[in-house]
Amino acid sequence: MRKTTVAAAALAGAALLAGAAVSASAAGTPPAALALARQTLPAGDGWASDTTGTSGGSAADAEHVFTVRTRDELAAAVAGDTPKIVFVSGGIDANAGKTCADYADPEYSLDAFLAAYDPAVWGRATKPTGPLEDARARSAKNQGLRVNVKVGGNTTIVGLGGSKISGANLLIDKVDNVILRNLRFEDAYDCFPSWDPTDGALGNWNSLYDTVTVTGATHVWADHNNFSDGNNTDDTQPLYFGRPYQVHDGALDVIRAADLVTISWNNFFDHDKTMLIGSSNTVGADVGKLRVTIHHNRFANVGQRVPRVRFGQVDVYDNYFYATDEDSYSYSWGVGVYAQVYAENNFLLRSADIPLSKVAYDWRGTAPGAITEVGTATRVGTGPVSAVNLVAEYNATHEPDLPATTWVPALRAATPDPATAVPALVTAKAGAGKLGF
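Treat the numbers as computed from the prediction; the structure is a model and nothing was measured.

Trainee: Explanation requested: the layout of surface pockets in the structure shown.
Mentor: Over the atoms, a rolled probe matching the size of one water molecule traces out where space is still vacant. Of the voids in this model, the largest pocket is the one considered here, and its volume is about 1500 Å³. Along its surface, the largest pocket is lined by 50 residues, and Asn206, Gln246, Asp249, Lys273 and Arg305 are the ones closest to its centre. Among the elements of the structure, α7 (131-147), β7 (169-173), β11 (204-206), β12 (212-215), β16 (243-244), β17 (252-255), β19 (267-273) and β22 (298-304) are those that each provide at least two residues to the lining of the largest pocket. Taken together, the residues that form the lining of the largest pocket break down as 12 nonpolar, 18 polar and 20 charged.

Put into structure tokens, the structure is as follows:
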């Protein structure tokens with residue numbers, strides 16, 4: 001039988017009363033996982049190393065080292081700002097035992113919603129209002145109570161071998177000092193997407209949940225994780241009102257004045273809206289924030305926002321972009337209002353039907369925003385590798401040009417890996433399961 005300290009047993013008992021049993025024993029945890037959980041972000045490794053650096057829960061005492069196996073255990077273990085280490089074991093499904101029908105408000109029906117807000121009936125000038133939209137919002141709130149898991153500050157979460165978190169939206173909200181490592185995140189689906197006929201020329205369905213949301217938080221390090229939609233990709237969803245019924249939002253979004261984030265050695269695949277940095281064009285709290293480093297990640301067949309940036313100084317280097325599905329690909333680097341993006345030594349593998357001019361995209365409108373690109377390499381399929389400037393390719397076919405930044409990153413490797421080395425290096429080392437346990 002596992003031994004627990006009095007304090008840990010008290011916490012576990014309290015969690016059990018709330019419907020969540022938490023194990024506070026490290027017994028059986030691989031030594032490599034225990035050692036990794038005590039690691040801090042190395043100095044100089046991106047924006048999250050700035051000022052106080054990022055140590056997560058590395059200073060946790062024995063009473064605050066937990067192993068969790070259910071959604072409720074996870075939510076209880078990661079709460080609060082006391083330093084803590086949380087190991088995820090097995091498969092955690094935030095929606096376990098629940099279907100979308102279980103979350104639906106008694107007054108909600110998708111068929112009735114589609115009939116009421118069909119653009120032929122409702123029009124396209126205003127967003128839905130009225131009893132059916134209110135019932136949809138209540139339904140979404142019901143699901144949110146299960147899907148959203150709020151992570152406290154001074155936390156390290158580590159996935160043990162074979163573990164996975166499905167259907168959850170980890171909210172790192174207005175806290176400091178969080179580390180996520182060796183985790184497999186999958187399919188944070190929204191049962192009740194909202195319809196906005198004013199979104200774009202044809203309207204859009206918009207989902208509510210990211211897999212991980214960094215909102216108003218500081219010093220966050222996401223390292224060696226996997227992010228995907230699993231078998232529930234958006235391209236398998238139906239069309240309603242002629243638009244995809246999109247049930248996923250971001251994979252890892254950094255929004256609402258969040259700051260000092262490093263995203264390293266992760267796998268992002270089979271997802272559409274991958275990484276939004278800055279959620280509003282409004283000048284305000286985001287100014288001087290949203291500083292993010294993105295390095296040595298693999299982005300495989302993701303549709304867009306890799307990343308899409310507003311306001312922030314965002315360093316994108318030594319990443320492997322894999323784009324072979326022209327039907328699901330929109331763009332990669334989105335330059336929005338006041339963005340300062342620096343892209344260096346990235347590698348793009350693409351199919352021939354994805355033009356080079358499509359990789360960068362201008363979301364600035366009439367506001368400033370800039371991108372500098374250095375050392376990109378590309379190839380089509382197994383063809384020869386060649387140097388390319390994707391921003392120049394965009395500028396050659398669009399007006400106005402995307403200008404270069406005046407900002408040069410400092411918090412990174414002194415000499416980035418050459419772009420030609422990136423595919424082999426990132427494939428071998430990025431993602432969950434590559435840290436030795």
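Having put the structure on the table, let's press on.
Trainee: Would you take a moment to explain the sheet that holds strand β18 (residues 259-264) for this structure?
Mentor: Backbone hydrogen bonds hold the strands of a sheet together, and the pairing may be parallel or antiparallel. Ordered in space as β1-β2-β5-β8-β13-β18-β21-β24-β27-β30, the 10 strands form an open sheet in which the pairing is parallel. Lying at the two open borders of the sheet, with one neighbouring strand each, are β1 (65-68) and β30 (370-374). Direction aside, the axes of adjacent strands within the sheet are offset by 10 degrees on average. In the sheet, β18 pairs with strand β21 (residues 292-295) via four bridges, with the strands oriented parallel. Across the sheet, the residue bridging to valine 261 is valine 292, located in β21. Here helix α3 (residues 71-78) sits on the sheet and contacts β1, β2 (84-88) and β5 (155-159); the angle it forms with β2, its principal contact strand, is near 165 degrees.

Trainee: How do you make sense of the pattern of salt bridges when you look at a structure like this?
Mentor: Pairing is possible between side chains that carry opposite charge, provided their charged atoms lie close to one another. The final tally for this structure, using the stated rule, is 15 salt bridges. Linking arginine 364 and aspartate 362 is a salt bridge whose minimum nitrogen-to-oxygen distance equals 2.9 Å. Aspartate 362 carries the same exposure label as arginine 364, and that label is buried. Residues joined in a network through salt bridges with shared partners are Arg71, Asp72 and Arg146.

Trainee: Is there a simple way to explain the sheet that holds strand β31 (residues 377-380) in this structure?
Mentor: With respect to topology, 10 strands assemble into an open sheet ordered β3-β6-β9-β14-β19-β22-β25-β28-β31-β32, the strand pairing being mixed. Unpaired on one side and paired on the other, β3 (91-93) and β32 (386-387) mark the two borders of the sheet.

Trainee: I would appreciate a short explanation of the side chain of glutamine 304 in the present structure.
Mentor: Relative to the elements of secondary structure, glutamine 304 occurs in strand β22. Leave out the neighbours within four places in its chain, and glutamine 304 touches Asp272, Lys273, Thr274, Ser330 and Tyr331.

Trainee: Looking at this model, I keep getting lost on the pairing of β22. Mind explaining?
Mentor: If a strand is regular, its side chains alternate between the two faces of the sheet. Within β22, five of the seven residues are buried, leaving the element largely enclosed by the surrounding structure. Bridge analysis of β22 against strand β25 (residues 320-323) gives three bridges, and the strand direction is parallel. The partner of phenylalanine 299 across the bridge, within β25, is phenylalanine 321.

About the criteria used
- Residues numbered from 1 in each chain as written.
- Predicted model: local features only at pLDDT ≥ 70, side-chain atom pairs only at ≥ 80, totals over all residues.
- Heavy atoms only, no water.
- 1 Å grid on protein atoms, 1.4 Å probe; cavity = no way out; pocket = protein on both sides within 12 Å on 5 of 7 lines; lining within 4 Å.
- Points joined across faces, edges and corners; volume = space filled by probe spheres on them.
- Helix = DSSP H or I, 4+ residues; strand = E, 2+ residues; numbered from the N terminus.
- Nonpolar A, V, L, I, M, F, W, Y, C, P; charged D, E, K, R; others polar.
- Pairing = 2+ DSSP bridges.
- Axes fitted to C-alpha atoms, helices over the stretch in contact; angles between N-to-C directions.
- Contact = heavy atoms within 4.5 Å.
- Salt bridge = Lys/Arg side-chain N within 4 Å of Asp/Glu carboxyl O.
- Buried < 20%, exposed > 50% of the residue type's maximum accessible area, 1.4 Å probe, protein only.

Remember, this is a structural readout, not a statement about activity or role.
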